[in-house]
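For reference, the chains in residue letters:
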Amino acid sequence: MDEKPDAAEVNEEPVPGASAETDLAEEQLRRDCAELRDRYMRVVADFDNYRKNMEREKEKSGMFATEHLITDFLAILDDYESALRDLPSSRERDGLAMLQKKVFHILEQHGLRRIEALGKQFDPYYHEALCREESDLKEGTILEVYQSGYMVRTKVIRASKVKIAQKTQLSEEE
Amino acid sequence: MAKEKIIGIDLGTSNSQAAVMLGGKPTIIPSAEGATVAGKMFPSVVAFTKDGQLLIGEPARRQAVSNPDGTVMAAKRKMGTDHVYHIHGKDYTPQQISGFLLQKIKRDAEAYLGEEIKKAVITVPAYFNDNQRTATKDAGRIAGLDVVRLVNEPTAASMAYGLDKGGEQKVLVFDLGGGTLDVTIMEFGGGTFTVLSTSGDTQLGGTDMDNAIIGWIADEFKRQEGIDLRKDTMAVQRVREAAEKAKIELSTVLETEINLPFITADKEGPKHLSLKLSRAKLEQLIHPIIDRCIRPFEQALNDAKLTKDDIKRVILVGGPTRMPIVQKFIEDHIGTKVERGVDPMECVAIGAAIQGAILGGEIKDLVLLDVTPLTLGIETLGMVMTPLIERNTTIPTKKTQVFSTAADFQTAVTIHILQGERTMATDNISLGQFNLVGIAPAPRGIPQIEVTFDIDASGILSVTAKDLGTGKEQKMTITASTKLSDKDVEKMVNQAKEFEEEDRKRKEEVKIRNDADTLIYTAEKTLADIGDKLNADQKTKVEAALKSAKEAFEGKEIDRIKKETENLQKVLQEAGTAIYEEAAKKYAAEQAAKEAAAKGPGEPEGKEEKGKDEAVDADFKVEDEK
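Reading guide: rules and limits
Residues numbered from 1 in each chain as written. Chains lettered and ligands numbered in written order. Predicted model: local features only at pLDDT ≥ 70, side-chain atom pairs only at ≥ 80, totals over all residues. Heavy atoms only, no water. Helix = DSSP H or I, 4+ residues; strand = E, 2+ residues; numbered from the N terminus. Buried < 20%, exposed > 50% of the residue type's maximum accessible area, 1.4 Å probe, protein only. Contact = heavy atoms within 4.5 Å. Areas by Shrake-Rupley, 256 points an atom, 1.4 Å probe, with all protein chains shown as cover. Salt bridge = Lys/Arg side-chain N within 4 Å of Asp/Glu carboxyl O. Pairing = 2+ DSSP bridges. Axes fitted to C-alpha atoms, helices over the stretch in contact; angles between N-to-C directions. Phe/Tyr/Trp six-rings, centres within 6.5 Å; stacked < 30°, edge-to-face > 60°. Lys NZ or Arg CZ within 6 Å of the ring centre and 35° of its normal. Buried area = accessible area lost by both parts, 1.4 Å probe. Polar contact = N/O pair within 3.5 Å; in protein donor to acceptor, adjacent residues only side chain to side chain. Nonpolar A, V, L, I, M, F, W, Y, C, P; charged D, E, K, R; others polar. Core = buried A, V, L, I, M, F, W, Y, C linked by side-chain atoms within 4.5 Å. Parallel < 35°, antiparallel > 145°, perpendicular 65-115°, else oblique. Left-handed = near helix turned anticlockwise from the far one by under 90°. Patch = residues over 30% accessible without salt bridge, like charges linked within 9 Å, V, L, I, M, F, W, Y side chains within 5 Å.

Sorry if this is basic, but what is going on with the overall build of chain A here?
Across its full length, chain A holds three helices and six strands. Classification of the 174 residues of chain A by burial places 28% in the buried group. Put simply, 59% of the contacts in chain A that link residues at least 6 apart link residues at least 24 apart. Accessible area of chain A: about 12,400 Å², with a carbon and sulfur share of 55%.

Would you mind showing me how to read the pattern of salt bridges here?
Any two side chains of opposite charge can pair, on the condition that their charged atoms come close. All told, the structure shown has 47 salt bridges over all chains when counted by the stated rule. Among the salt bridges present, the one from aspartate 201 of chain B reaches arginine 292 of chain B, with a minimum N-O distance of 3.3 Å. Note that aspartate 201 of chain B is positioned in strand E14 (residues 192-201) and arginine 292 of chain B in the loop between helix H7 (279-291) and helix H8 (294-303), a separation of 91 residues in sequence. Look at aspartate 201 of chain B and you get buried, because its relative accessible area is 15%. On the accessibility criterion, arginine 292 of chain B (37% relative accessible area) is partly exposed. The structure contains a network of salt bridges with shared partners spanning Asp78, Arg158 and Lys161 of chain A together with Glu241 of chain B.

For this particular structure, what's the right way to read the side chain of aspartate 79 of chain A?
Relative to the helices and strands, aspartate 79 of chain A resides in helix H2 (residues 18-86). If we skip the residues at most four places from it in the chain, aspartate 79 of chain A touches Arg238, Asn259, Leu260, Pro261 and Phe262 of chain B.

How should I be thinking about the sheet that holds strand E5 (residues 155-158) of chain A in this particular structure?
Within a beta sheet, neighbouring strands are joined by backbone hydrogen bonds and run either parallel or antiparallel to one another. All names here are of chain A. Spatially, three strands are ordered E1-E4-E5 in an open sheet, and the strand pairing comes out antiparallel. Both outer strands of the open sheet, strand E1 (112-114) and E5, are each paired with one neighbouring strand and no more. Across the sheet, the axes of successive neighbouring strands diverge by a mean angle of 35°, strand direction being ignored. Of the pairings in the sheet, the one linking strand E4 (residues 150-152) to E5 comprises three bridges and is antiparallel in character. Bridge assignment links methionine 151 to a residue of E5, and that residue is valine 156. In the packing of helix H3 (residues 91-108) onto the sheet, the strands contacted are E1 and E4, and the crossing angle to E1 comes to about 125°.

Could you clarify how one ought to interpret the packing of aromatic side chains in this entry?
Aromatic ring pairs are described here by two measures, namely the spacing of the ring centres and the angle between the planes. Overall, the coordinates contain nine aromatic pairs over all chains when judged by the stated rule. For the pair phenylalanine 48 of chain B and tyrosine 92 of chain B, a centre-to-centre distance of 4.5 Å together with 20° between the ring planes defines the contact as stacked. Of this pair, phenylalanine 48 of chain B sits in strand E5 (residues 45-48) while tyrosine 92 of chain B is found in strand E9 (residues 90-92), placing the two residues 44 residues apart along the sequence. For phenylalanine 48 of chain B, a relative accessible area of 9% corresponds to the buried category. Pairwise contacts between aromatic rings join Phe48, Tyr92 and Phe100 of chain B into one cluster. Lying over the aromatic face of phenylalanine 104 of chain A, arginine 114 of chain A brings its terminal NZ or CZ to 4.6 Å of the ring centre. In this structure, lysine 104 of chain B packs its charged tip against the face of phenylalanine 42 of chain B, placed 4.9 Å from the ring centre.

Explain the sheet that holds strand E20 (residues 384-389) of chain B to me, please; I cannot follow it from the model alone.
Residue and element names in this part refer to chain B. As summarised here, the arrangement of the four strands in space is E20-E19-E23-E24, forming an open sheet in which the pairing is antiparallel. Either end of the sheet is taken by a strand with one partner, and the two such strands are E20 and strand E24 (429-436). Neighbour-to-neighbour, the strand axes of this sheet turn through a mean angle of 30°, independent of strand direction. Note: strand E19 (residues 376-380) against strand E23 (residues 413-419), three bridges, orientation antiparallel. Looking at the pairing, leucine 376 lines up with glutamine 419 of E23.

I keep staring at the interface of chain B and chain A and nothing clicks. Help me out?
Note: interface size is frequently given as the accessible area lost on complex formation between the parts. Taken together, the contact between chain B and chain A spans 38 residues of the former and 40 residues of the latter. Approximately 3,300 Å² of surface area, both sides summed, lies buried where chain B meets chain A, with 54% of it carried by carbon and sulfur atoms. Summed over the three residues of chain B that lose the most area to chain A, namely Arg62, Met234 and Phe262 of chain B, the buried surface amounts to 22% of that side. Taken together, the connections running from chain B to chain A amount to five salt bridges. Remark: the boundary between chain B and chain A carries 10 residue pairs in polar contact (both at pLDDT 80 or more). If you list the elements that add at least two residues to the side of chain B that touches chain A, you get helix H1 (58-62), helix H6 (233-249), strand E15 (255-266) and helix H11 (362-365) of chain B. For the side of chain B that touches chain A, the class distribution of residues is 17 nonpolar, nine polar and 12 charged.

What should I look at first to understand the nonpolar core in this one?
Side chains of nonpolar character tend, in soluble globular proteins, to be buried together. Residues and elements named next belong to chain B. Ranked by internal contacts, the top residues of the largest apolar core, which has 48 residues, are Leu172, Phe174, Ile217 and Leu273. It is helix H5 (residues 206-225) that provides the largest number of residues to this core, a total of six residues. Other than its neighbours up to four places away in sequence, leucine 172 contacts Val183, Thr184, Ile185, Phe297, Ile311, Arg313, Val314, Ile315 and Ile334. Core analysis: the second largest hydrophobic core is formed by 36 residues, Tyr112, Leu113, Phe128 and Leu145 among them.

Please explain the side chain of lysine 76 of chain B as it appears in this structure.
Residue and element names in this part refer to chain B. In this fold, lysine 76 is placed in the loop between strand E7 (71-73) and strand E8 (85-87). Since its relative accessible area comes to 13%, lysine 76 is described here as buried. Polar contacts involving the side chain of lysine 76 include one to the side chain of glutamate 153, which spans 2.8 Å.

Could you clarify how one ought to interpret the packing of helix H2 (residues 94-113) of chain B against helix H3 (residues 130-142) of chain B in this entry?
For any two helices packed against each other, the geometry is given by the interaxial angle and the distance between the axes. All names here are of chain B. Running from amino to carboxyl end, H2 crosses H3 at an angle of 50°, the nearest separation of the two axes being 7 Å. The orientation of H2 relative to H3 falls into the category oblique. The two elements H2 and H3 cross, and the hand of that crossing is right-handed. Residues Gln95, Gln96, Ser98, Gly99, Leu102 and Gln103 of H2 touch H3, and the partners they reach there are Ala135, Asp138, Ala139, Gly140 and Ile142. Partitioned by chemical class, the residues of the contact of H2 with H3 number four nonpolar, six polar and one charged.

Explain a nonpolar patch on the surface here, please?
Residue and element names in this part refer to chain A. Taken together, Tyr40, Met41 and Val44 make up a surface patch of nonpolar side chains, about 320 Å² in accessible area. Relative to the elements of secondary structure, valine 44 occurs in helix H2. The exposure class assigned to valine 44 is partly exposed, which follows from its relative accessible area of 40%.

Would you take a moment to explain the environment of threonine 93 of chain B for this structure?
Residue and element names in this part refer to chain B. Checked against the element boundaries, threonine 93 lands in the loop between E9 and H2. Residue threonine 93 is classed as partly exposed on the basis of its relative accessible area of 28%. The spacing of threonine 93 and lysine 78 is 15 residues in sequence and 8.8 Å in space, taken between C-alpha atoms. Not counting the four nearest positions on each side in its chain, threonine 93 is found in contact with His83 and Tyr85.

Any chance you could explain the pairing of strand E10 (residues 119-124) of chain B here in plain terms?
Residues in a regular strand point their side chains to alternate faces of the sheet. Residues and elements named next belong to chain B. For E10, a buried count of five out of six residues is recorded, marking the element as mostly surrounded by other parts of the structure. One ladder, built from five bridges, connects strand E1 (residues 6-11) with E10; its direction is parallel. Along E10, the bridge assignment pairs isoleucine 6 with lysine 119. Across six bridges, E10 lies against strand E11 (residues 146-152) in parallel orientation. Each residue of the ladder has a partner; that of valine 121, found in E11, is arginine 149.

Dropping the structure here:
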């Protein structure tokens, strides 16, 4: 029964200041919202990437565990090599040779490979030079292997420790 | 578009490595040759072969002996000088050599991350002067990297341990690497680290320790066999590896065996080396090396005009600092415990990565995640605490579990919220409690009360209990459930460890009592439901067993309760079996098996637990976990 205040009039001319504030506030909210959404998306993405990375790492670490075990076993292979180097022919030596072969075979099935060195050309990706010796052979030829090198699949886990041929002083090239 | 990643690089004299923030955690970037058991670093060696090939890292190191004129090591020592390397007719500055190392890091990082890397933070020793720092930036430029910041190595190490989040304090960084010792004292305040003094020894490190052990092994062997192993290159290799392995092992065990069969031979035949090396003996062997650490230590303190009591935090950097004797030396000389939690071989790179992330704006984006320091749960049957959220769970987080009533026709449950690691509710902290009423009357174990623990990012815990039957819900909010001091948390965790055995026993006892209680309830119900199906003999047996069990239950002898429970179980099963046989006969005769027969005995809930169904509180019973 009361007349409605001139609502239309009241609302037609927005009160200066109040609406501008509202606009600003709204603008700020929009910005905040956009920023939060962006941040959220990043976190989701980061998490997803992290998860994928984790899966990759898990797979690698499975292989890594084997690699670690094989690397530890190299000391045993070294022991065998030493033994066979020094023992004179005997049944005992034969037995040790068989054992060595067997151990190596098992590890081979898990990816172990011995690096070829003796007589080959030195390659720092596979061999480590401990010393040089003058020789008539081509420079860089591996003269002696102090410790065998090994790979697991395509990765070098220990380089062969070798002695390489050095040009003799008499040669003039260079 | 993803923000540009800024990697952190530890460009060391002997070894280098890089790290980057991944998923909010600083991660070491593996060298392309892959991680070796020696760690993820690669040697700071650059070489040019006679046929013009450029080698960086491990391959360069491996051919150093065969190509001394073409191999450069420790170029870092020449940074900032006008030294020139003449290699196969070409000239290189130290910056250029370091540039090659950085190039390798850039390549490896790009392969690992799958994106282009243009910016980096590189660490430098605290004592580097302007020329040395400029040279380092140049090296980065040469490698195609924009070096957005140079960070002091001890500062980076401190950041890896989060010291930049603490208050004002004086920090000592003890960096013992393969060949050098650097001691740095810094003051942290106003958000920055200020170097107060540096000292060191450029001829002291882990290599000296290895040599001491090798020397001892060779001397022992000579004493025993009269042969000097040092003359046999092959033997020396094996001894060196064994010495390194032994050294590392002795950081965790007190004694190890050095076992080298067929190490050498003479005309008498093969010779074996078998020695026991104890940690005590090792410490004796390297004692002179540890002693040499004292002077730089005291010098740094003097130069900073401080005493050891002024030092609040001690940071360790470098592989050899993992040895207990090194840590003990430091703790004895300083009187503070060393910081733990970060690999001393990785902390410099990690600190650089953190700095890179801060500069790249990544840290701002990261919600610094908190964890709940102690386990949260509720009190359940037998006055035990049933955990819902384990300690160290990252928050915000939510966990729900369904419980039930412990007594028939129970119409209200009390949710008593607890925090702590002990088994018994009274041994933990009570955070509050509330009741949920109006549960429809039902036999015990039937109602489903869903309890939810919800912790928001601020650490405010809301606990809600909802009766799934009526939909009625009650809730309680607890603030500051995560705001315990580190000391309090540690105390409670230690207490839990101390009382672990005791708590376990009590938990076991409660379980036995609860099992007994459940079984008695079931037995009584069975008698009530189908007692008339049992023949007189069986009925008497069940009644007798039930009576004994009830009597035992009233008492306190756990063993007796257990025995009686098992007996009652057995008797019920026998009775059940008998009934089945009867029924089978009847079925065969009448072809009408009653379901009731299947319901009663044969399903004593107490015994056949599926692991999760523990009978619990005066008010609750766990039914299943969500």
